[in-house]
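Residues per chain are reported as follows:
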Amino acid sequence: MSEFSYKKGELYCESIKVKTLADKFGTPFYLYSYNALINNFLKIQAAFKPVDPLICFAMKANDNLAVVKALTDKGAGCDIVSLGELQKAKKIKADPQKIVFASVGKTEEEIIAAIKTGILFFNVESEEELLKINSLAKKLNKKTSATLRINPDVAAATHQRITTGTLKNKFGIDLQTAHRIFKNADKYPYVMLKGLHIHIGSQITTTKPYVDALKKALSFINTLKKDGIALEYFDLGGGFGIIYKDKNIAGPKDFAKVLIPLLKKIDLKIVMEPGRSICGDTGIFVTKALYLKDNGAKRFLIVDSGMNDLMRPSLYDAYHEIIPVKQTHSRKIKMDIVGPICESGDFFAKDRMFPKLKEGELIAIKNAGAYCHVMASNYNVRGRAPEILVKGNKYAAIKKRETFKDLVKLESIPDFL
Ligand code: PLP
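To keep things clear, this report deals only with the structure shown in the data block. Predicted model only: the values in this text are computed from it and were never measured.

What follows covers the nonpolar core. Counting residues in each nonpolar core, the largest one holds 102 residues, and the members touching the most others are Phe-48, Phe-122, Phe-234, Leu-263 and Ile-337. Both domain 1 (4-32 + 281-408) and domain 2 (33-279) contribute no fewer than three residues apiece to this core. When residues no more than four places from it in sequence are discounted, the contact partners of Phe-48 are Pro-53, Phe-240, Pro-252, Phe-255, Ala-256, Leu-259, Ile-260, Leu-263 and Met-272. Ala-22, Leu-31, Ile-388 and Val-390 belong to the second largest nonpolar core, which has 17 residues in total.

Structure below.
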């Protein structure tokens with residue numbers, strides 16, 4: 001997290017003191033560095049330059065309009081999974097020919113909107129979905145394009161809830177079925193079947209699962225070739241991991257080194273869908289210490305945010321490094337860092353050695369740029385935290401804090417009560 005560093009004992013994001021933002025916007029809040037975001041994108045682009053990929057940012061990782069626009073302005077496309085993401089991509093005028101659409105359960109409304117938009121292609125997850133897309137395209141009298149998301153049946157050695165590329169998972173199409181679909185492509189005259197898609201999981205930290213998946217894809221592409229089926233695209237999905245704790249992980253250059261030779265053999269237009277590796281380490285979540293509670297057996301630092309704001313620890317037992325916003329020499333003690341919500345899963349860290357902070361002091365939860373704000377909820381009628389973007393010495397709230405009015409605006413009390 002190179003754009004987040006201490007200067008004279010105070011944490012900065014680029015040229016802005018984090019404390020200044022806390023004073024201005026209150027706590028808790030998300031804070032993103034523009035330069036870190038763009039650098040991550042450019043690093044992946046540079047590493048994979050020999051195969052000149054179209055890099056479609058996986059919006060599910062961070063769908064803030066400003067974040068997505070910052071990336072599309074640099075040439076990124078969008079990997080979307082819902083109508084909402086499509087609408088956001090359109091709102092920032094993303095190039096439709098750089099939008100790819102995955103999701104195991106695309107609704108008719110979503111399919112129609114994507115066809116009308118003229119997206120680059122659907123990543124189709126089942127034969128039933130392909131039939132549906134074909135019939136809707138026929139109704140609209142507009143041909144559309146698709147790749148088949150194949151399930152290469154490789155284990156990604158990541159958390160079980162973010163493994164997607166084995167036949168135990170709901171994603172993709174098994175190779176036998178995919179082969180049959182390609183052979184019977186004329187059953188879908190309104191869908192141009194243009195390629196293959198894989199996405200084997202997220203937070204993958206070694207190259208082997210990709211190598212295994214790409215080898216399977218390559219051999220499948222060769223089988224198709226023998227049947228006279230030529231493809232145009234290979235979409236390798238997302239999944240590159242970031243450093244949450246273990247520093248010894250593969251980065252974009254390591255992935256590129258082993259994957260480029262295979263991608264060259266595949267010899268199709270390459271699409272990639274990185275999410276976490278572009279935005280994960282470009283954000284922090286800032287929250288305030290409320291109480292240090294000692295129950296005799298354990299100590300708890302209770303902060304002014306909870307699992308509703310950042311649920312990765314609760315959901316995946318995920319580790320996030322946590323640092324004080326003002327460096328301190330106070331003694332480190334073992335504690336849980338927890339939120340105020342009445343759930344034992346409401347924690348940010350367990351048995352962590354952390355300085356004894358006083359009420360009102362700020363802490364920063366690192367690597368909070370991906371799959372954090374997007375997963376926030378209003379559980380316990382808690383407004384979602386704002387998102388602040390810093391670029392050099394400039395900053396702006398790119399999403400405001402939700403107010404009570406926002407939280408109740410869709411609710412009503414019916415006459416019969
Ligand atoms: N593409 C697809 C189809 C996904 O489901 C995901 C997320 O799981 C991604 C891309 C982005 O993955 P990551 O953020 O790990 O790069």
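Taken as a whole and judged by the stated rule, the model has 0 disulfides. The cysteine Cys-279 is free of any disulfide, with Cys-372 supplying the nearest cysteine sulfur at 9.1 Å.

Counted by the stated rule, this structure contains 16 salt bridges. Salt-bridge contacts for Lys-88 lead to Asp-63; the nearest nitrogen and oxygen are separated by 3.0 Å. In this pair, Lys-88 sits in helix α4 (residues 83-91) while Asp-63 sits in the loop between β5 (54-58) and α3 (65-72), placing the two residues 25 residues apart along the sequence. Looking at Lys-88, the relative accessible area reads 26%, which means it is partly exposed. Residue class for Asp-63 comes out partly exposed when judged on its relative accessible area of 23%. Ionic contacts of the salt-bridge type, sharing partners, join the residues Lys-298, Asp-336 and Asp-351 into one network.

Residues Thr-27 and Pro-28 are joined by a peptide bond in cis, for which omega reads -5°. Relative to the elements of secondary structure, Pro-28 occurs in the loop between α1 (18-25) and β4 (29-33). A positive phi angle, near 70°, is found at Asn-380, a position not held by glycine. Locating Asn-380 in the fold gives a position in the loop between β18 (362-365) and β19 (387-391). With phi around 50°, Val-381 is a residue other than glycine that occupies positive phi space. Relative to the helices and strands, Val-381 resides in the loop between β18 and β19.

Each value, and the rule that gives it
Residues numbered from 1 in each chain as written. Predicted model: local features only at pLDDT ≥ 70, side-chain atom pairs only at ≥ 80, totals over all residues. Heavy atoms only, no water. Core = buried A, V, L, I, M, F, W, Y, C linked by side-chain atoms within 4.5 Å. Buried < 20%, exposed > 50% of the residue type's maximum accessible area, 1.4 Å probe, protein only. Domains from an automatic or database assignment. Contact = heavy atoms within 4.5 Å. Disulfide = S-S within 2.5 Å. Salt bridge = Lys/Arg side-chain N within 4 Å of Asp/Glu carboxyl O. Helix = DSSP H or I, 4+ residues; strand = E, 2+ residues; numbered from the N terminus.

Read these as geometric descriptors, not functional statements.
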